[in-house]
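# Structural description and commentary
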Amino acid sequence: MQEAVLKVDGLKVRFKTEDGYVSTVNGVSFTVHEGETLAIVGESGSGKSVTSLALMGILPPNGEVVEGSILYRDRELTNLSKKDYRKIRGNDISMIFQEPMTALNPVFTIGFQLREPLMLHAALNKQQAHSRAIEMLRSVGISDAEKVMGRFPHQLSGGMRQRVMIAMALSCNPKLLIADEPTTALDVTIQAQILTLLRNLKRQSSTSIMIITHDLGVVAEIADRVVVMYAGEIVEVATVDELFESPQHPYTKGLLNSMPKIHDVVDELYSIEGTVPSPLEMPTGCKFHPRCPLGDSECAKIHPSLESKEGDHLARCIKVAKKELVV
Amino acid sequence: MIASKERTVIFEVKNLKKHFELSKGMFKKQKTIVRAVDGLNFRVYEGETLGIVGESGCGKSTTGQLMLGMLDATDGQIIFRSQDLATMNKEELRKARRDLQVIFQDPFSSLNPRMTVEELIGEPLIVHGIMKGKELRAHVLELMQLVGLREHMINRYPHEFSGGQRQRIGIARALSLNPKVIVCDEAVSALDVSIQAQILNLLNKLQRELDLTYIFIAHGLPAVRHISDRIGVMYLGKMVELAGRDDLFNQPLHPYTHALLDAVPIPDPKLRKEHDLIEGEIPSPSNPPSGCRFHPRCPYATDKCSKEEPEYREVLPDHFVACHYPLTEVAKRPVPSV
Amino acid sequence: MTQITEPAIKVTRKPKSSSGNLIRRLLKSRTGMLGLIIVLLVTLMAIFAPFLAMHDPAKTDIMNRLVPPFWLDGGNMSYPLGTDNLGRDVLSRIIYGSRVSLLVGISAVLLAGAIGIVMGLLAGYYGKAWDFLIMRLVDSFLAIPSILFMLIVLAVMGPSLSTLILVLGGTTWVVYARMVRSETLSVKERDYVQSAKAIGALDFRIIVKYILPNVISSFIVIATLNVATTIIMEASLSFLGLGIQPPDVSWGLMLSDGREYIATSWWVATFPGLAITITVLGVIFFGDWLRDVLDPKIKD
């Protein structure tokens, strides 16, 4: 087993709202190993984005980590000062977002924005930073890098901006790259380009990637291991092959079945009834039981723990634990 | 799919064009013409679902709005049940619109936040003076049941609903006038996977029960494949290929269609592969490439492609394509340049 | 391609009565609460002026001119805030003056709002020639110094309460017209307006049911704040002698009257001045709170 880069243990995040405190992430634990790509999948309201914001220490002002630890290579991040966190973010962990436009400063050129962190963190002079920036743009597949250096963010297409973001995120050789829905806003042919780019990056460097997405197609394309989240909890953890081949949790199964397949047309799609519960009205027991085809009175009482069926394949379901579930 | 003999044409689109003028610069009136839709020819048959796919800037949404009569065409004709939308007067257009409804992409912005479910669903009937009072309320309840909303929700406001439920409200509103055609403009694109499946199933059920014709515009290919009978692929304002869905997916003739299908991530890690990536970005519709608009990104492009615009023609029965070298004619195709 | 970016945290609230919600939110905001209390007190004062005032505000009493407030030497409780140069009770005049100030403030804003909303909706919704004409009219209003314009009109037409309201309303509508126009421009592009067109709704219905309700909250906010400005404008015009005429009384007029005695009998001008300040502050606090409540973007 590879060394752990990031170890999250019992993470709990809550938000202060008008209706009191609302917990959106409840006891999330997982590990990102060196060089691996871990995908966190879930629908809106699952808590996957809040988890990533908490890891980066950039929760909105009304949110806070109340419990748990985030270990980055034996260093606890939850009690870091803002200043130290910023250092970690610049050097060790970096992040790319769904809409790169919000992360790029509209009034500076791409060149300026790429050079700045290099001159600051890597102590290069302007000339060195410039040539390093061009090198970086080339490495993310931008052939006319010289030209792009002089452009402003709004002059680039969405795909280009995402490439620039990736170049920027990788500029200080981070150990961990957190990608929050990196291809969701892109067209499908451009998405394929970006996914290929991320895949190649992983081959060439030891950077671990944590990708947050709602798209199981993207997961299948790029991930090594997968964490499935539902209503603020992890419901299943498995390697990508196992997850798609023998999903354990009824929610994971439902998700996989409800996707329309491009090569396999069915008359009626499987659909999970109902909607994701609001954090204000969480069901008792298993949070998925009201929507679960197997949910019964027992499920409404017992809050199942994340248990291993075999090896590293974990699921949070009493039916799975009792092996009542026919796979 | 409906057998070709008994098909009735409900929409006939001929050489449809829509150009937008943008003026740039504060002092010199520099005009840029965006050719959002640039010469479309296709038919929609009664009772079918015609999918229209394409990436940003291909003009698929503009096409939908043109067919709804919400935009005026720059050139060409849209014949709806033997009458050209452009020749209709205001009153005729208003009548035609009762039969042409739309479901929008964003269930968060397409419902008036200041109206209750009852007002939202019942409004079309009030606008056209068809029903009011108790009768209307009963009808609204019926529609709510049809789309899977519970009775007690009738007095709530949109913000009290989740995305999927709002989309159901939008569907009920579109259905209230008993339309013939519904344009679904990215109707499921913004929804979560599990909710998307619910809505796709609902749309299928409604089509069976109410004999609806759908024009399903989307960028997500799996959903389009699931729901459509025939699918048209657009690129930069042009229809590049149109065929029955199985023909299109099993035997794409246009290199762009091929690339588009290939780029869709497949939810099965065992099928993970290197994609046949197409290079480059999508050009701007204000300055489209000469000849075939796909030629700068096409692996098979020749000189001819950059000079001559390919004709949109029926290469196989019911399979239209606009390409000088459709992928069936492998023998005639030049060796890829790269 | 547009995507919906879900907020990091989305909490679907249980449906609650919106009025209950408003009160709950008001209780949380101290300045909002203070504003509301001030506005309520001034309103009550205006309504019940005849019961509250101890003296006839117009009645002169030369024997008791320039009596100081009760806590100063020579003051007494029958004139708690003293009297002016003609021996009129300052407190009673302030109480009666609130009627004019509120009346002018509110009616002028309502008038301006009515004109401004109609103009703004027409310009924003129909665009083209409508927009061009209305906006040029707005520009020309903005180009003339409004106080000069008001003075000329008042001088020509002769000052009176109704003229004052007309003039104040007739010059400040441009603010609302511009605001409503720009809001309309953005609201009319929203999908729900498109959906109204799709069902074949007529323009009138779209404007009244779709656009107006969605621009009105911004209007209410600006209008509230403008009540404060208008009260001050009325005071300025009365101060200049072209506003309220005796025997009517307004705070501005009292300021004007007290100006000559400011060195010797400060109370004549200071108390009406304070009344203006407190009322305007109250209205502003209330308006600020209203903005926070009505604007979903600022919420939470």
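Residues numbered from 1 in each chain as written. Chains lettered and ligands numbered in written order. Predicted model: local features only at pLDDT ≥ 70, side-chain atom pairs only at ≥ 80, totals over all residues. Heavy atoms only, no water.

What counts is decided by this rule: UniProt positions are given in the numbering used here, feature names are shortened, and annotations may be inferred rather than shown by experiment.
UniProt's Sequence similarities (unreviewed entry) comment on chain B is quoted here verbatim: "Belongs to the ABC transporter superfamily."

UniProt lists a comment for chain A under the heading Sequence similarities (unreviewed entry), and it reads "Belongs to the ABC transporter superfamily." Recorded in UniProt under Subcellular location (unreviewed entry), the annotation for chain A is "Cell membrane".

## A few points about the sheet that holds strand 10 (residues 233-239) of chain A
Working definition: the strands of a sheet are paired by backbone hydrogen bonds and lie parallel or antiparallel to each other. Residue and element names in this part refer to chain A. Inclusion rule: A pair of strands is considered paired only if DSSP assigns at least 2 bridges between the two. Strands are runs of DSSP state E lasting at least 2 residues, helices are runs of H or I lasting at least 4, and numbering of each runs from the N terminus. Every axis in this analysis is a line fitted to C-alpha atoms, fitted for helices over the stretch in contact. Angles between the N-to-C directions lie between 0 and 180 degrees. Residue contacts follow a heavy-atom distance rule, with two residues in contact if any of their heavy atoms lie within 4.5 Å.
Pairing in this open sheet of eight strands is mixed, and the strands run 6-7-8-3-9-10-12-11 from one edge to the other. The open sheet has two free edges, formed respectively by strand 6 (93-96) and strand 11 (307-310), since each of these has just one partner strand. Neighbouring strand axes in the sheet, compared pairwise and without regard to direction, differ in orientation by 20 degrees on average. Two strands pair when backbone bridges link them, and strand 3 (residues 37-41) and strand 9 (residues 225-230) are joined in this way by four bridges, in the parallel orientation. Pairing of Ala39 across the sheet is with Val226, part of strand 9. The sheet strands contacting helix 1 (residues 48-56) are strand 3, strand 6, strand 7 (176-180), strand 8 (208-213) and strand 9, and the helix crosses strand 8 at an angle near 145 degrees.

## Focus: the interface of chain A and chain B
Worth spelling out the cut-off: Accessible area, probed at 1.4 Å, shrinks when two parts are joined; the buried area is that loss added up over both. Basic side-chain nitrogens of Lys or Arg form a salt bridge, by our definition, when they fall within 4 Å of a carboxyl oxygen of Asp or Glu. Classification used: nonpolar for Ala, Val, Leu, Ile, Met, Phe, Trp, Tyr, Cys and Pro, charged for Asp, Glu, Lys and Arg, polar for all others including Gly.
Chain A puts 47 residues into the contact, and the matching count from chain B is 41 residues. Buried surface at the junction of chain A and chain B, both sides included, amounts to about 3,800 Å², of which 57% is carbon and sulfur. Applying the counting criterion to the chain A and chain B interface returns one salt bridge. We note a salt bridge from B:Lys270 to A:Glu245, for which the minimum N-O separation is 3.7 Å. When residues of the side of chain A that touches chain B are traced back to their parent elements, those giving at least two are helix 7 (158-170), helix 8 (188-204), helix 9 (216-222), helix 10 (240-245) and helix 11 (250-258) of chain A. In terms of residue count, the dominant contributor to the side of chain A that touches chain B is helix 8 of chain A (nine residues). Partitioned by chemical class, the residues of the side of chain A that touches chain B number 21 nonpolar, 14 polar and twelve charged.

## Brief notes about the domain arrangement of chain A
Residue and element names in this part refer to chain A. Under the convention used in this document: Start and end points for every domain follow an automatic or database-based domain assignment.
With domains assigned, chain A is organised as domain 1 (4-92 + 174-321) and domain 2 (103-173). One C-alpha centre belongs to domain 1, the other to domain 2, and the line joining them spans 30 Å. Opposite the 13 residues of domain 1 that make contact, domain 2 presents twelve residues. A combined buried area of about 1,100 Å² lies between domain 1 and domain 2, and 69% of that area is made up of carbon and sulfur atoms.

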